[in-house]
Amino acid sequence: MTIRLPDASGGLRTYEPRTEPLALTPGAPLASRTVFSAAHVVADPFADVSPDSAAAVDWDATLAFRRHLWSHGLGVAEAMDTAQRGMGLDWAGAAELIRRSAAEAKAVGGRIACGVGTDQLTAGTLAEVRSAYEEQLALVEASGAQAILMASRALAAAARGPEDYVEVYGHLLRQASEPVVLHWLGPMFDPALEGYWGSADLDAATDTFLEVIAAHPDKVDGIKVSLLEAQREIDIRRRLPQGVRCYTGDDFNYPELIAGDEQGFSHALLGIFDPLGPLAAEAVRVLDTGDTAGFRALLDPTVELSRHLFRTPTRFYKTGVVFLAWLAGHQSHFTMVGGLQSARSLPHFARAYELADGLGLFPDPKLAEERMKNLLALYGVTQ
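Everything numeric here is computed off the predicted structure, so don't read it as measured data.

Considering the overall build of the protein chain
Point 1. Counting secondary structure elements, the protein chain contains 14 helices and 10 strands.
Point 2. A compact globule built from 383 residues should have a C-alpha radius of gyration of about 21 Å, and the protein chain, at 20 Å, falls within 12% of that.
Point 3. Along the first, second and third principal axes, the C-alpha set of the protein chain runs to 60 × 50 × 45 Å.
Point 4. Here the analysis covers contacts within the protein chain between residues at least 6 apart in sequence; of these, 70% occur between residues at least 24 apart.
Point 5. Per element, the accessible surface of the protein chain, about 14900 Å² overall, is 50% carbon and sulfur.
Point 6. Here the protein chain contributes 33 positive and 49 negative side-chain charges, whose respective centroids are spaced 2 Å apart.

Things to note about the pairing of strand β9 (residues 245–248)
Point 1. Where strand β8 (residues 220–226) lies against β9, four bridges are found, and the strand directions are parallel. Following the sheet pairing, Val225 is matched in β9 by Thr248.
Point 2. Once you follow β8 into helix α7 (residues 230–238) and on to β9, the crossover reads as right-handed.
Point 3. Inspection of the sheet shows β9 paired to strand β10 (residues 267–270) by two bridges, in the parallel sense. Among the inter-strand pairings, Thr248 is bridged to a residue of β10, identified as Ala268.
Point 4. After leaving β9, the chain enters helix α8 (residues 254–259) and then returns to the sheet as β10, a path that is right-handed.

Examining the nonpolar core
Point 1. Core analysis: the biggest nonpolar cluster contains 120 residues, and Leu182, Phe273 and Phe323 have the highest contact counts within it.
Point 2. At eight residues, the largest contribution of residues to this core is made by helix α13 (residues 346–359).
Point 3. The next biggest cluster of nonpolar side chains, apart from the first, holds 10 residues, and it includes Ala77, Ala113, Val181 and Leu269.

Description of unusual backbone geometry
Point 1. Each neighbour pair has its own omega, and for Thr312 with Pro313 the value is -5°, a cis peptide bond.
Point 2. Secondary-structure assignment places Pro313 in the loop between α11 (303–309) and α12 (317–327).
Point 3. At Gln84, a residue that is not glycine, the phi angle is positive and equals roughly 70°.
Point 4. With respect to the element layout, Gln84 can be found in the loop between β4 (75–78) and α2 (91–108).
Point 5. Of the residues examined, Gln84 reaches a relative accessible area of 2% and is grouped as buried.
Point 6. At Trp197, a residue that is not glycine, the phi angle is positive and equals roughly 70°.
Point 7. Residue position: Trp197 is located in the loop between β7 (180–185) and α6 (202–215).
Point 8. Classification of Trp197 by relative accessible area gives buried; the value is 0%.

What about helix α9 (residues 277–288)?
Point 1. Taking 1.5 Å of rise per residue, 12 residues should cover 16 Å, and α9 covers 16 Å from first to last C-alpha, within 8% of that figure.
Point 2. α9 sits mainly inside the fold: 10 of its 12 residues count as buried.
Point 3. Here α9 has its buried residues at Gly277, Pro278, Leu279, Ala280, Ala281, Ala283, Val284, Arg285, Val286 and Leu287.
Point 4. Just downstream of α9, Gly290 is the residue with a positive phi angle, here 90°.

Here we look at the sheet that holds strand β6 (residues 146–149)
Backbone hydrogen bonds are what pair the strands of a sheet, in a parallel or an antiparallel way.
Point 1. Strand order around the closed barrel formed by eight strands is β3-β4-β5-β6-β7-β8-β9-β10, with parallel pairing between neighbours. Neighbour-to-neighbour, the strand axes of the sheet open up by a mean angle of 25°, direction not taken into account.
Point 2. Where strand β3 (residues 35–38) and β4 come together, three bridges link them in parallel fashion. The partner of Phe36 across the bridge, within β4, is Gly75.
Point 3. Each of β5 (112–116) and β6 touches helix α3 (residues 126–143); the most contacted strand, β5, lies at about 165° to it.

Points about the side chain of Asp81
Point 1. Tracing the backbone through its elements, the reader meets Asp81 in the loop between β4 and α2.
Point 2. At 4.0 Å, Lys318 is the nearest oppositely charged side chain to Asp81, a buried residue that forms no salt bridge.
Point 3. Engagement of the side chain of Asp81 in a polar contact is seen with the side chain of Tyr317, the distance being 2.8 Å.
Point 4. Ignoring anything within four residues of it in the chain, the contact list for Asp81 reads His183, Leu185, Phe189, Tyr317 and Lys318.

Considering the pattern of salt bridges
Point 1. Per the counting criterion, the structure on display carries 20 salt bridges.
Point 2. Residue Arg285 pairs with Glu282 through a salt bridge whose shortest N-O separation is 3.9 Å. Separated by three residues within a single helix, Arg285 and Glu282 lie in helix α9, roughly one turn from each other.
Point 3. Among the charged side chains, a salt-bridge network with shared partners connects Arg13, Glu304, Arg351 and Glu354.

Digging into the packing of aromatic side chains
Point 1. Enumeration over the complete set of coordinates arrives at 20 aromatic pairs.
Point 2. The interplanar angle of 45° and the centroid separation of 4.9 Å between the aromatic rings of Trp197 and Phe209 together place this pair among those described as tilted. Linking Trp197 in the loop between β7 and α6 with Phe209 in helix α6, this pair joins segments that are 12 residues apart in sequence. Note on accessibility: Trp197 and Phe209 belong to one class, buried.
Point 3. A ring pair is formed by Phe310 and Tyr317, whose centres lie 4.2 Å apart and whose planes are at 15°; its orientation type is stacked. The residues Phe310 and Tyr317 share a single accessibility class, namely buried.
Point 4. The ring of Phe265 has Arg33 sitting right over it, with the charged end atom 3.5 Å from the ring centre.

Rules used throughout
Residues numbered from 1 in each chain as written. Predicted model: local features only at pLDDT ≥ 70, side-chain atom pairs only at ≥ 80, totals over all residues. Heavy atoms only, no water. Helix = DSSP H or I, 4+ residues; strand = E, 2+ residues; numbered from the N terminus. Rg over C-alpha atoms; globule rule 2.2 N^0.38 Å. Contact = heavy atoms within 4.5 Å. Areas by Shrake-Rupley, 256 points an atom, 1.4 Å probe, with all protein chains shown as cover. Lys, Arg positive; Asp, Glu negative; His and termini not counted. Charge placed at Lys NZ, Arg CZ, Asp CG, Glu CD. Pairing = 2+ DSSP bridges. Right-handed = clockwise from strand over helix to strand, strands pointing away. Core = buried A, V, L, I, M, F, W, Y, C linked by side-chain atoms within 4.5 Å. Buried < 20%, exposed > 50% of the residue type's maximum accessible area, 1.4 Å probe, protein only. Expected span 1.5 Å × (residues − 1). Axes fitted to C-alpha atoms, helices over the stretch in contact; angles between N-to-C directions. Salt bridge = Lys/Arg side-chain N within 4 Å of Asp/Glu carboxyl O. Polar contact = N/O pair within 3.5 Å; in protein donor to acceptor, adjacent residues only side chain to side chain. Phe/Tyr/Trp six-rings, centres within 6.5 Å; stacked < 30°, edge-to-face > 60°. Lys NZ or Arg CZ within 6 Å of the ring centre and 35° of its normal.

Below, the structure is given as structure tokens:
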């Protein structure tokens, strides 16, 4: 069987899908690296909502996807930007997601960490930013989940300089009951975060970031760096206090960063591990045996797909993630909260399908092919 896919020139080309998926089954818990998948939410396709309405979530399908990730030994990073925080999912929806997912994690023994931000605010004073963070931190800690202090649009707008970041984060870290993960999300993921840590100069911003960590090393489990610069992550990693982990958030260079070098390695907290979950887990199990070459042989071929999904404008990578979840059979439809399914083009979807199929990511390749053909038909492509 073949399928006709659009190409970049506006024409159609013939592609022959693979007939068998990559054989991946749940295995032993991961040992050498701590790996979180930032997970997407599944919209309720029957809700009568508009893009600016509160999100309507299919809770059963959303939690089922998290059980899928946990079954492969991955942790779940909940209510992060992959779950469309600030791009369709508001704080009320995120709070409900945190409560439900944390309860599910407790029931099945899954590891979970949840995003703490300030998205109750569109703007505010530093005191209001601190209060918003405190409200979310209290909810996450009450749920029993680990907290991830996410970058805040409101703080980026209110802060006058590096000293305001040092004060706000210091206040929150002193309050935290358990060590947290600090999340530095670059402006390619969210343009409102330009100049975070008080400077558009990344060297100066890095110094402020590390100053916050050095002042509270007992309250920082680790950092997640999402700047898409491998060498900068390595440089930051080498400057961390003893015992503070680096969780790579680099969806362009993750295999080399996780594999590491003679001076250390990164753990992982990645949006691309939503569609790559089972394959990523298998690769880390190979790495657990000391077989770095085998790990790279499994994970390196996935980078082309990841770079495609996260191409500029990077913040719309969530559309590709949900698209692949639909093709893989994890949900019955391709609808997203906020109407974000419209954020990528048909040629983008076609290339994502081809790359994912080539990797063997679809448990049922025939189902993926049929769904891809249905999407093509909606766009006027006949087979």
